[in-house]
Amino acid sequence: MNYGVDSIVDTVCNHKHLCNSSIILCHNGAKYTAQALDTLISIAKTAFIA
């Protein structure tokens, strides 16, 4: 699906089951996954790495 970067980041970061041990599956065939990945990684680093 072509949801867009903001939608991907919002969906992942606001998921009710997201925690320190979560595994995030990113499909490489989606149009905006590569663009969202840097943002997802930086948010995860600040949220879960002390």
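See the structure above.
Rules of the game
- Residues numbered from 1 in each chain as written.
- Predicted model: local features only at pLDDT ≥ 70, side-chain atom pairs only at ≥ 80, totals over all residues.
- Heavy atoms only, no water.
- Helix = DSSP H or I, 4+ residues; strand = E, 2+ residues; numbered from the N terminus.
- Rg over C-alpha atoms; globule rule 2.2 N^0.38 Å.
- Buried < 20%, exposed > 50% of the residue type's maximum accessible area, 1.4 Å probe, protein only.
- Contact = heavy atoms within 4.5 Å.
- Areas by Shrake-Rupley, 256 points an atom, 1.4 Å probe, with all protein chains shown as cover.
- 1 Å grid on protein atoms, 1.4 Å probe; cavity = no way out; pocket = protein on both sides within 12 Å on 5 of 7 lines; lining within 4 Å.
- Points joined across faces, edges and corners; volume = space filled by probe spheres on them.
- Nonpolar A, V, L, I, M, F, W, Y, C, P; charged D, E, K, R; others polar.

> Just checking my understanding: could you explain the overall build of the protein chain for this structure?
Of the regular secondary structure elements, the protein chain holds two helices and zero strands. Here the protein chain has a C-alpha radius of gyration of 11 Å; the compact-globule value for 50 residues is 10 Å, and the two agree. Across its three principal directions, the C-alpha atoms of the protein chain cover 30 × 20 × 15 Å. A burial count over the protein chain gives 14% of its 50 residues as buried. Pairs at least 24 residues apart make up 77% of the contacts formed inside the protein chain by residues separated by at least 6 positions. Entry remark: accessible area of the protein chain is about 4,200 Å², with carbon and sulfur atoms responsible for 57%.

> How do you make sense of the layout of surface pockets when you look at a structure like this?
Of the volumes computed, that of the largest pocket is approximately 450 Å³. Together, 19 residues line the largest pocket, and Ile8, Thr11, Val12, Ile24 and Leu25 are the ones closest to its centre. Taken together, the elements giving at least two residues each to the lining of the largest pocket come down to helix H1 (5-13) and helix H2 (33-48). With four residues, the top contributor of residues to the lining of the largest pocket is H1. Class assignment for the residues of the lining of the largest pocket results in 12 nonpolar, seven polar and no charged. The space that makes up the second largest pocket amounts to roughly 160 Å³. What lines the second largest pocket is simply Val12, Cys13, Leu18, Cys19, Asn20, Ser22, Ile24, Leu40, Ile43, Ala44, Ala47 and Phe48. Contributions of two or more residues to the lining of the second largest pocket are made by H1 and H2. Per-element tally for the lining of the second largest pocket: the top contributor is H2, with five residues. Taken together, the residues that form the lining of the second largest pocket break down as 10 nonpolar, two polar and no charged.

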